[in-house]
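# Close look at the chain arrangement
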Amino acid sequence: MQIINFKRILSLAFFSALISSPFLVNTTSAQADEYAIIVNADSQITADDNELRNIYLKKQTKWSSGVEAIPFGRATHSPEQNAFLINVLGMNQAELDSYWASAKSKSGLTGPREVQSVSILLRQVRRKEGAFGVISSSDASDIPEGVKVLKSF
Amino acid sequence: MCLGGAGAQAEETLDMHALQEQLQKAMQMIEAQSQHMNTLQGELNALKSETTTQATELSKIQPSAADTTHLEERVFELEEQIFELDDRVGSETLANAFDANNLDIGGFINTAFTHVDGEDGSAFGWNRQNFELLIRADLNEQWSAFFAGGFLREGNVGFDDDNDGVLNESGERRNPDFAIESGVPGGTRNPQIIAWTNYKHNDAFNVKLGRMITPHGIINIEHFPATLLDQEQPLFLRPFGGQTIFPNFTTGGQVHGQFFVGGDTLSYNTYIASAQGAIEEPIYGARLAYEFRDKGVTVGVNAATGTRSEALDNEYTLLGADLLIDKGSILWKNEIFSTDEDGASGRLGFYTQPAYRFNDQWIGFYRYDFLDDGSNASAAVPDNAGDVTEHMVGLNYLPLPNVRLRLTGTRRHYDSTSVFDEADADILQFSTTYSF
C-alpha cells in the first residue's frame, strides 16, 4: 500500500512538474513578404493566422464572419505550400502528414484539395465566397477582379 | 533693207509670245503634278498611320509571357487531371455513392511479430494481422457518418503458467503464450469498431450517435496504429480481468464541440452510452481539454460514472487527467486514470511517454507504464494479481508518411504478492502499419 501511495504521489508530482515545464518557449519565423493569402473580394473575411490555421486543418469549418470555409492547398513541397506550412500553420510536411493520418483514423477527415495552377486557384477563389489559398507575391501583383489579398507574409 | 529688219523683229516678238505661252502651260502642268504628288503623299501618310494603328492593336491582343505561362500551367494541370482520371477509371465503370455528397474510403493493414522471454519459457510468432476499413460519407455540410470495420486476426501477449490453455488467470506471469481467437474460421473476427452519424450545428455544438471511441485521454482517442508509436496500448487500456479501466468503445450519444480562444482551443465531449458488456446500463462521461497552441501543450480532464458489466454489476467512478506536449522535436504523452469501484478495489493506471523526432523519418521514444488493477488491495482477496510495471524503448521509421515500421523492447515486471512471486518478462516486437 505504501508503494502504491508513493507511486500516486510521484505521478501527481510528475504531472505538475510537466505543466510548468520551462523549456516550452515560443518560436517564430520571419521572412520578407514573398507570399500572399488570397480570398474572395466579396467576402467579409478578416482572419488572423490562428483562424487560417484552424480552417486549413478543418478544426474550424466557418469563418468568423459566418461564411462556410473552403481551404485550398498548393502542391506538396511547392514553395508556396512550404511557406504556408512554416509561417501560418507552424508545421512541417511530416507533422502535417501525421495530423491528417490521425484525422483520417479518428473521423475520416481528409486534407484540403491541392491546386497546382495559380490561375485555377484564382478562379476558384473568385467563384467561391469562403475560399482561400496561398500564392506568390509576384502572382499577387496581377490578381483578377473578384479576388483580394488578405495578408502577405 | 530697213523694211526687211522690221519684219524680222516682228517675227521674234511672235516667237517670244509663243514661248511664254508654252512656259506658262508647262508651269501649270508642273503645279498640277505637284498637287497630285501632295495628294499622293497625304494618302501615303494616311496609309502609314493606319498600318501603325493596326500593328498597335495587334500587339495588344497578343498574349504576354505571363499570360502564356498561366495558360500553359492550366493546360498542364487539366491534362494531368484528365490523365489521372483516365488512369483510375479506364474503361471500367465509376463507383457512385448512393446519396452522399462526399465519400472517402481508406484503411490500414497492421502486422506484428512478437518474441516474449518469460521466467519459465518463451513464445514468439506473427501474433497480429489486422485490416481495418474506414469509410466517411457526408450528406452535406452538417450531416456526416463514419464507419470502421475490422478483419482482425490477433493474439495478445499472455501467460499460461498451468498450461490449461486459458491465458491470464489470476496471477499468471511466468509462462508466455499467445491465443488467437478461437471459434472463428482462421481465427479472424470481423467486428464493427466504429459506426456513428454526426450532426454539426456549428463548430461548438455537434451531436454524435452510434458506436464511438470513448473520448477519454490521448491514446484511446487516437486509437488507430497509423499514428501511434507503439501498437501495444498502455496497460490500463488493455483488457485485464476482462475489463479496461474505462471501455475503449461505447455505444450511445455524445455532444461535443470546440471553441477558439485566440490561438488556443477549448474542446469538450459529454456522452451517455453503454459498454459492450452492459447494454442496459448507462455510463455518463465527460472530457474537457484546452490546447495552448503556441506552446504545443494540451491539458485534459476526464470523468465518468456508470456500469461496465451487467454480469459483475459493478459500478465505477472514473477520474483522469492527461497532458500532451507536441512542440518541434518533442512529443510527450502523459495520462493518469483512477477509479473508485463499487464492490471492488479502486484501480490506478498511468504512463509517461516522451518521444523525440530525430527528423521526419526517425522517432525514438521511452514509456514508463504502471497499472494497479485493484485486485490486490484487500486482505480478503489472498490471490491478488499484483501491480504491473513496464519500461519500453522503441524506434519508429517512416520510409513514407503512410508506412510506419517499429521496433520496441519492453521489460515487464510483476510485483510479488502474498501468493505469487515477482516475475519479469522481456518482450521484443517488430511491427508495421501501412495506411491508405
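Everything below is about the structure shown above.
Residues numbered from 1 in each chain as written. Chains lettered and ligands numbered in written order. Predicted model: local features only at pLDDT ≥ 70, side-chain atom pairs only at ≥ 80, totals over all residues. Heavy atoms only, no water.

## Concerning the overall build of chain B
A count of helices and strands for chain B gives three helices and 18 strands. Over its C-alpha atoms chain B spans a radius of gyration of 44 Å, topping by over 25% the 22 Å that the globule rule assigns to 436 residues. Seen through its C-alpha atoms, chain B measures out along the principal axes to roughly 185 × 45 × 45 Å. Within the span of chain B, comprising 436 residues, buried residues form 41% of the whole. (Helix = DSSP H or I, 4+ residues; strand = E, 2+ residues; numbered from the N terminus. Rg over C-alpha atoms; globule rule 2.2 N^0.38 Å. Buried < 20%, exposed > 50% of the residue type's maximum accessible area, 1.4 Å probe, protein only.)

## Examining the packing of aromatic side chains
Inspection of the entire model under this criterion finds 23 aromatic pairs over all chains. Relative to F132 of chain A, the ring of W63 of chain A has its centre 5.5 Å away and its plane inclined at 75 degrees; by these criteria the two rings are edge-to-face. Of this pair, W63 of chain A sits in the loop between helix 2 (49-56) and strand 2 (70-74) while F132 of chain A sits in strand 4 (residues 131-136), placing them 69 residues apart in sequence. As far as the burial class goes, W63 of chain A and F132 of chain A line up, both buried. Aromatic rings pair up to connect Y56, W63, F84 and F132 of chain A into one cluster. Directly above the ring of W196 of chain B sits K208 of chain B, whose terminal nitrogen or CZ lies 4.3 Å from the centroid. (Phe/Tyr/Trp six-rings, centres within 6.5 Å; stacked < 30°, edge-to-face > 60°. Lys NZ or Arg CZ within 6 Å of the ring centre and 35° of its normal.)

## Focus: the sheet that holds strand 2 of chain A
All names here are of chain A. Strands sit in the order 3-2-4-1-5 across an open sheet of five strands; the sheet is mixed. Across the chains shown, the open sheet's two edge strands, defined by having one partner strand only, are strand 3 (113-115) and strand 5 (147-152). For this sheet, the mean inter-axis angle between neighbouring strands, taken without regard to orientation, is 35 degrees. Judged from the two bridges that link them, strand 2 and strand 4 form a sheet pairing that is parallel. (Pairing = 2+ DSSP bridges. Axes fitted to C-alpha atoms, helices over the stretch in contact; angles between N-to-C directions.)

## Notes on the interface of chain A and chain B
Each side of the interface is counted separately: chain A has 45 residues, and chain B has 50 residues. Interface of chain A and chain B: buried area, both sides summed, is about 4,300 Å²; carbon and sulfur atoms make up 56% of it. For the pair chain A and chain B, the number of links is one salt bridge. A salt bridge links K59 of chain A to E291 of chain B; its shortest N-O distance comes to 3.2 Å. (Contact = heavy atoms within 4.5 Å. Buried area = accessible area lost by both parts, 1.4 Å probe. Salt bridge = Lys/Arg side-chain N within 4 Å of Asp/Glu carboxyl O.)

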